[in-house]
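Topology and contacts: notes
Listed below, chain by chain, are the residues.
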Amino acid sequence: MHGFAFWLAHFENSKPIREEIPMYPKKPSMLFLAIVNPGFTRFETTKYGLKRSYDLLLHKHSILNLAAFLRENGCDAHYAWTECPDERGIVEFKCVIDKLKPDAIGMSLCTNEFMIHYRFLERLKRTFRRLPVIVGGPHVSALPFHTLTNFPAIDCIATGDGEHTLAQWLRVKASKDRHYKMREIGGLGYREESGEIFLTAQRKRITDINILPEPAYDLIIKDGATLDSKTVFPIFCSYGCRFHCTFCAADHGNYRFFTPDRVAERIEKVYNSYHVKHFSIMDGLWPPSRAWLNEFCDEIERRKIRAGFEFATRAESLREQDFHRLKRIGAETVVVGIESGDEGILRRIKKGITKETALKAFQAIHDAGIFSAANFMVGNAGETVETIERTIEFASELNPSIALFRAHCPIPGTEAFEYVDESERDYWMTGSGEKDWWMQSEIPSVCDLPFKELQKIAEGTYLNYPLRLEYLRRHVITGWLPYEYKKICFGMFLKHLRKLAIGTMERFRVLRGIIRRTRRVLKAIFIH
């Protein structure tokens, strides 16, 4: 359901998760806002016939965690979203603000979506000048001073784990002695009345995340609702990451995870409450360990949960018997980040795997009959035409069900961002047009090949990847994949073959004219 329509239908009957004794005559309230991307699809599989709905994965689930924590700590929290990154979205947000009259607006942002959200904030602040705005997320955690210096519509920022910072900040907003107490809140950045930017001491991470409440799912799912059988429900099992890959902006070295029984209990609750048949484990690193996995599988089997799920893991994390057991409890899709087929590049980006490790992992995945996706990245520091060719060859050798290629974009908070010349580091601020979801600026490259050329290589490789006899043999003709996923692989083969054929024909002037006229005729027929 559209975010604004859902909010209108849900607002009158919405109740907090738990009744709390207010710390002030009126509970401080936070309204979280987000623009969601309706074009989102997990692992590209829905483009090729997988009958799943990923609407719930569009949302910022960090917002649901923060909202639940605020509610548990004497505050109130609401969430509104829009799929319209234009004037309609502005009108919708203004309507929600007028109705709720919150004490503050909150957002959680990554680099790629920062500018489109900031344009909205600027417009909203013209109407609600005194309504404070606080922003968190990996982008502002990486660039706190830069954010407050260059974006005046943002009043405060929260860095690192935002739960305690946000709750304390909201309570200070309801007190009288604001100026003094603001300095006592760890992990906060703000402007003083003089205009000077002040960053408080860094807040310690939450050591045991098992103390946190369950996410406020009621903000995106109406009470008593039954989800469609195709709906995929997102599940998070951890915070941070224990690895230090140079291209990733995760909270490195601060890996914390929920216990296996806590995750199984969350899945069971959702499974029974909403009749969900499919889950997506959203962690970039899962499972936390093989011992954790064994306990988790025992819990799923004990609770008799019969649902499919997808997850992402590392090449060295699991063994053959692990994949077979995961298949038995419902694993349908696994994505593995490989990034490169060159050993030198793998060492340089601190990936922590070898090609041999990756080969063993994918052989085990194939034998277990799980649909596999592999992520590859071209354009890392030190990349050359030769190393890219080795990556393309290695992708064919691994032979995953789908190989996803992308050009490396150095973002703030990563080690790779330090390789970017200082004069080019604000490239993400120059996106053009209100409807840009991804940055449309001139993205800098950290290798000798320009970014646009890297993009062209990635797109061409992705197109050509399934057009191989060995791909058809492994994933369509033979192999252990379920029939549903064999159809997806065959559909991918046919679609990519058609795109390649049309692209080849368009190189010839006469055929190009025929193709374009045919498209115009078909478009006119379907429109009228």
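Within every chain, residues take consecutive numbers counted from 1 along the sequence as written. For a predicted model such as this one, the threshold for reporting local features is a pLDDT of at least 70, and the threshold for listing and counting side-chain atom pairs is 80 or more; totals across whole chains, interfaces and linings nevertheless cover every residue. As a convention, hydrogens and water are excluded, and side-chain values are obtained from all of the structure's heavy atoms.

**Notes on the sheet that holds strand β11 (residues 278-281)**
Taken in spatial order, the six strands line up as β8-β11-β12-β13-β14-β15 in an open sheet, and their pairing is parallel. Each edge of the open sheet is held by one strand with a lone partner, namely β8 (232-235) and β15 (402-407). With strand direction ignored, the average angle separating the axes of adjacent strands in the sheet is 20°. Pairing between two strands requires that DSSP report at least two bridges joining them. Helix and strand labels come from DSSP, where a helix needs a run of H or I of at least four residues and a strand needs a run of E of at least two; each type is numbered from the N terminus. Sheet topology places β11 next to strand β12 (residues 308-313); three bridges connect them, and they run parallel. Counted as the bridge partner of Ser-280 is Glu-310 from β12. Residues are treated as being in contact if the distance between any of their heavy atoms lies within 4.5 Å. Between the N-to-C directions of two axes lies an angle of 0 to 180 degrees, each axis being a line fitted to C-alpha atoms and, for a helix, fitted only over the stretch in contact. Contacts from helix α9 (residues 260-274) reach β8 and β11 within the one sheet, and its direction differs from that of β8 by about 155°.

**So, the nonpolar core**
We call a set of buried residues a nonpolar core when its members are Ala, Val, Leu, Ile, Met, Phe, Trp, Tyr or Cys and they connect through side-chain atoms within 4.5 Å of each other. The classification of residues rests on relative accessible area computed with a 1.4 Å probe and restricted to protein chains. Under 20% of the type maximum is buried, over 50% is exposed, and intermediate values are partly exposed. If you look at the biggest cluster of nonpolar residues, it comprises 155 residues, and the most contacted ones within it are Trp-169, Phe-233 and Ile-338. Apart from residues lying up to four places away in sequence, Phe-233 is in contact with Leu-56, Leu-57, Tyr-217, Ile-221, Leu-227, Val-270, Tyr-274, Val-276, His-278, Phe-279 and Ser-280. Within the second largest apolar cluster, five residues are counted, among which are Cys-245, Phe-247, Ile-349 and Met-377.

**Things to note about the pattern of salt bridges**
The rule for a salt bridge is simple: a side-chain nitrogen of Lys or Arg has to be within 4 Å of a carboxyl oxygen of Asp or Glu. Summed over the entire model, instances satisfying the criterion amount to 27 salt bridges. Among the salt bridges present, the one from Glu-192 reaches Arg-183, with a minimum N-O distance of 2.4 Å. Residues joined in a network through salt bridges with shared partners are Asp-161, Arg-205, Asp-251 and Arg-256.

**Quick word on the sheet that holds strand β4 (residues 133-136)**
Whenever strands of a sheet pair, they do so through backbone hydrogen bonds, lying parallel or antiparallel. Judged by pairing direction, the sheet is mixed, and its seven strands sit side by side in the order β2-β1-β3-β4-β5-β6-β7 without closing on themselves. What marks the edges here is a single partner per strand, and that holds for β2 (76-82) and β7 (197-199). Across the sheet, the mean angle separating the axes of adjacent strands is 20° when strand polarity is ignored. Looking at chain direction, β4 and strand β5 (residues 156-158) are connected through two bridges and run parallel. Bridge pairing in β5 links Val-135 to Ile-157.

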